[in-house]
Amino acid sequence: MSLLLTAAQTVGPFVSIGFETTAVPDVAPAGIAGERVVITGRIFDGDGLPVTDAVLETWQANSFGKYAHPDDAQEKLLEDNFRGFGRVLADAQGGFRLATVKPGKVAGPDGHPGREQAPHITVVIFMRGLLKHLMTRIYFPDEAANAADPVLNLVPAARRGTLIAAKSPDGTLQWNVHLQGPQETVFFDY
Amino acid sequence: MSNPNPYRKSYFNTQPDFLFPAYRSTVKRAPTQPLVQIPQTLSEITGPLFCASDVADSEWDLTAQHAGEPLGERMFVSGRLLDEGGRPVPNALVELWQANAAGRYKHPVDNHDAPLDPNFTGAGRVLTDAQGNYRFKTIKPGAYPWRNHYNAWRPAHLHFSLFGQGFAQRLVTQMYFPGDPLLAFDPMYLSVPDDKARARLVSSFDWENTQPEYAIAYRFDIILRGRDATPMETQENKK
Ligand SMILES: [Fe+3]
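Notes on the structure in this doc start here. This one's a predicted model, so the numbers in the text were calculated from it and none came from an experiment.

1. Re the nonpolar core
Grouped together as the largest cluster of nonpolar side chains are 42 residues, with contacts concentrated most on A:Leu163, A:Phe188, B:Trp97 and B:Tyr105. Looking at this core, the elements with two or more residues in it are α1 (15–19), β2 (54–59), β5 (120–127) and β6 (134–139) of chain A together with α1 (42–45) and β3 (93–97) of chain B. In terms of residue count, α1(A) provides more of this core than any other element does, 3 residues in total. Of all hydrophobic cores here, the second largest spans 31 residues; its members include A:Leu56, A:Leu98, A:Phe187 and B:Phe18.

2. Some points on the coordination of the iron ion
Residue and element names in this part refer to chain B. Summarising the metal site, the iron ion is bound by the protein donors Tyr105 (OH), Tyr144 (OH), His157 (NE2) and His159 (NE2), whose distances to it range over 1.9 to 2.2 Å. The site at the iron ion holds 4 donor atoms, and with the angles between them running 90 to 158 degrees, its shape is irregular. With relative accessibility at 0%, the residue Tyr105 sits in the buried group.

3. Remarks on the side chain of A:Thr172
Among the secondary structure elements, A:Thr172 is positioned in the loop between β7 (166–167) and β8 (173–174). Residues contacting A:Thr172, with those up to four places away along its chain left out, are A:Val38, A:Thr40, A:Ala166 and A:Lys167.

4. A short note on unusual backbone geometry
Residues and elements named next belong to chain B. With phi around 60 degrees, Asn151 is a residue other than glycine that occupies positive phi space. Among the structural elements, Asn151 can be located in the loop between β6 (144–146) and β7 (152–154). In this structure, Glu213 takes a positive phi of about 60 degrees despite not being glycine. The exposure class of Glu213 is exposed, given its relative accessible area of 82%.

5. What about the environment of B:Pro187?
Residues and elements named next belong to chain B. Mapping Pro187 onto the fold places it in helix α2 (residues 187–190). For the pair Pro187 and Ala56, spaced 131 residues apart in the sequence, the C-alpha separation amounts to 35 Å. If we skip the residues at most four places from it in the chain, Pro187 touches Phe20, Ala22, Tyr23, Trp146, Asn148 and His149.

6. A look at the interface of chain A and chain B
One frequently used descriptor of interface size is the decrease in accessible area upon assembly of the parts. Counting residues at the interface gives 72 residues for chain A, matched by 85 residues for chain B. A buried area of about 6,900 Å², summed over both sides, lies between chain A and chain B, and 62% of it is on carbon and sulfur atoms. Together, A:Leu5, A:Gln9 and A:Tyr190 form the three largest contributors to the area buried by chain A at its contact with chain B, with a combined 13%. Run the count over chain A and chain B and you get 8 salt bridges. Here A:Asp47 ties to B:Lys28 by a salt bridge, and the two come within 3.1 Å at their closest N and O atoms. In this assembly, chain A and chain B are joined by 38 residue pairs in polar contact (both at pLDDT 80 or more). Secondary structure elements with two or more residues in the side of chain A that touches chain B: α1, β2, β3 (85–89), β5, β6 and β10 (188–189) of chain A. Of the residues in the side of chain A that touches chain B, the class split is 36 nonpolar, 21 polar and 15 charged. Where β10(A) lies against strand β1 (residues 36–37) of chain B, 2 bridges are found, and the strand directions are parallel. Bridging from a neighbouring strand, A:Phe188 pairs with B:Val36 of β1(B).

Each value, and the rule that gives it
- Within each chain, residues carry numbers counting from 1 in the order of the written sequence.
- Note on labels: chains are lettered from A, ligands numbered from 1, in written order.
- Residues qualify for local features only when their pLDDT is at least 70, as the model is predicted, and side-chain atom pairs are given and counted only at 80 or more; totals for whole chains, interfaces and linings, by contrast, use all residues.
- Excluded from the side-chain calculations are hydrogens and water; all other atoms, namely the structure's heavy atoms, are used.
- Only buried residues count toward a nonpolar core, which is a set of Ala, Val, Leu, Ile, Met, Phe, Trp, Tyr and Cys residues joined through side-chain atoms within 4.5 Å.
- Each residue's exposure class comes from its accessible area (1.4 Å probe, protein chains only) as a fraction of the maximum for that residue type: buried when under 20%, exposed when over 50%, partly exposed otherwise.
- Each helix is a run of H or I in the DSSP string that is no shorter than four residues. Each strand is a run of E no shorter than two, and both are numbered from the N terminus.
- Coordination here is defined by N, O and S atoms within 2.8 Å of the metal (3.2 Å for Na, K and Ca), and since water is not considered, a site can look incomplete.
- A four-donor site is classed as tetrahedral when every donor-metal-donor angle falls between 85 and 135 degrees; four donors are called square planar, and six octahedral, when trans pairs exceed 155 degrees and all remaining angles lie between 65 and 115, with any other arrangement labelled irregular.
- Contacts between residues were defined by any pair of non-hydrogen atoms, one from each residue, lying within 4.5 Å.
- Accessible area that two parts lose when put together, with a 1.4 Å probe and added across both, is what the buried area reports.
- Definition used for salt bridges: Asp or Glu carboxyl oxygen within 4 Å of a side-chain nitrogen of Lys or Arg.
- Any N or O atom pair separated by 3.5 Å or less is treated as a polar contact, with the protein-specific requirement of one donor-capable and one acceptor-capable atom, and with residues adjacent in sequence counted only for side-chain atom pairs.
- Each residue is assigned to one class: nonpolar for Ala, Val, Leu, Ile, Met, Phe, Trp, Tyr, Cys and Pro, charged for Asp, Glu, Lys and Arg, and polar for all the others, Gly among them.
- Pairing between strands is defined by DSSP: at least two bridges between them are needed.

Right, here's the structure in full:
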């Protein structure tokens with residue numbers, strides 16, 4: 001039996017009606033283990049103008065590198081109150097702010113525990129003007145494991161930096177999304 | 001230990017491209033660099049799961065969120081959430097948002113000269129049941145103008161957001177209504193290349209669930225990406 005996949009359509013300019021009351025700007029409740037991080041950023045279109053009607057959704061493992069999902073068979077610690085899902089809406093300046101914990105390393109594409117992925121957050125982006133969502137990742141700065149990460153290594157070296165957040169003087173992490181242009185963010189297909 | 005089976009790539013032409021110039025906003029927002037192909041790892045195969053405590057029972061009914069009933073044609077919308085293999089997707093979060101009967105969104109950016117309805121917000125959520133069924137009660141949204149091109153009107157539509165069981169299944173789409181003459185002029189609808197895939201975005205009149213003297217019903221089944229068959233399933237299929 002094979003059914004025809006439903007086509008994606010844009011969220012349109014009024015997506016906040018659906019997603020504002022269900023935003024999840026704080027991914028990790030109190031008591032969850034790990035290094036607390038705040039990721040802020042802005043989203044820019046091909047003219048360098050801020051995108052004010054975007055929604056970012058994030059999905060991540062906990063600090064032990066375990067996903068709250070039955071398909072994750074890794075023998076790592078699961079935390080009851082950690083779903084790992086975030087949803088933030090762009091503000092009038094195209095900015096967003098996500099508070100979470102830095103995820104641990106998770107198994108790589110072959111599932112081999114010796115070849116884990118560098119800590120990362122999986123991201124999908126919706127907005128007016130996107131007929132289907134964009135898929136990308138946020139990696140962490142000063143992370144030795146980035147060099148061997150099996151996904152980062154599929155990205156042309158010159159563009160890898162678009163996936164790695166930068167450390168701001170105030171300690172927050174900065175990760176901007178450029179839809180087009182010389183700094184165009186790397187988007188995935190999978 | 002190996003990772004679970006990945007989800008299948010979308011079938012040729014069932015999905016719109018990012019760049020579709022007839023829909024003007026895509027021009028400055030579509031990526032210009034090729035997408036980087038990556039394997040599905042645990043990070044893509046897993047995704048947020050939801051349960052009954054995430055959704056209030058009342059959220060299925062968009063007509064009961066205020067003191068009075070909203071104006072407009074009352075309707076039921078129901079359907080099944082399945083994967084491409086025909087398997088139900090149970091306990092999945094289904095989110096819906098829409099304009100009111102006059103074609104106006106309760107949103108600060110919507111300046112269409114049509115009345116707001118104090119009894120209508122236009123957002124609802126449900127979880128699918130064990131068989132993948134969902135159901136909403138709402139009112140039929142109106143068509144609304146947008147400035148994409150001269151005399152541009154969006155056909156009446158509901159916005160649907162679906163979470164499957166992995167982030168790779170994430171989908172946001174729109175449901176349209178049968179017989180709407182505006183569909184033939186709508187760049188969003190027309191952005192879906194495959195005729196059959198495009199037609200699948202149009203709901204069907206649902207006589208069975210239409211309630212006499214009360215409300216018309218529409219049916220809209222939604223298909224998420226399915227998984228590659230496991231070697232074992234392939235064996236089963238050959239029997
Ligand atoms: Fe709309």
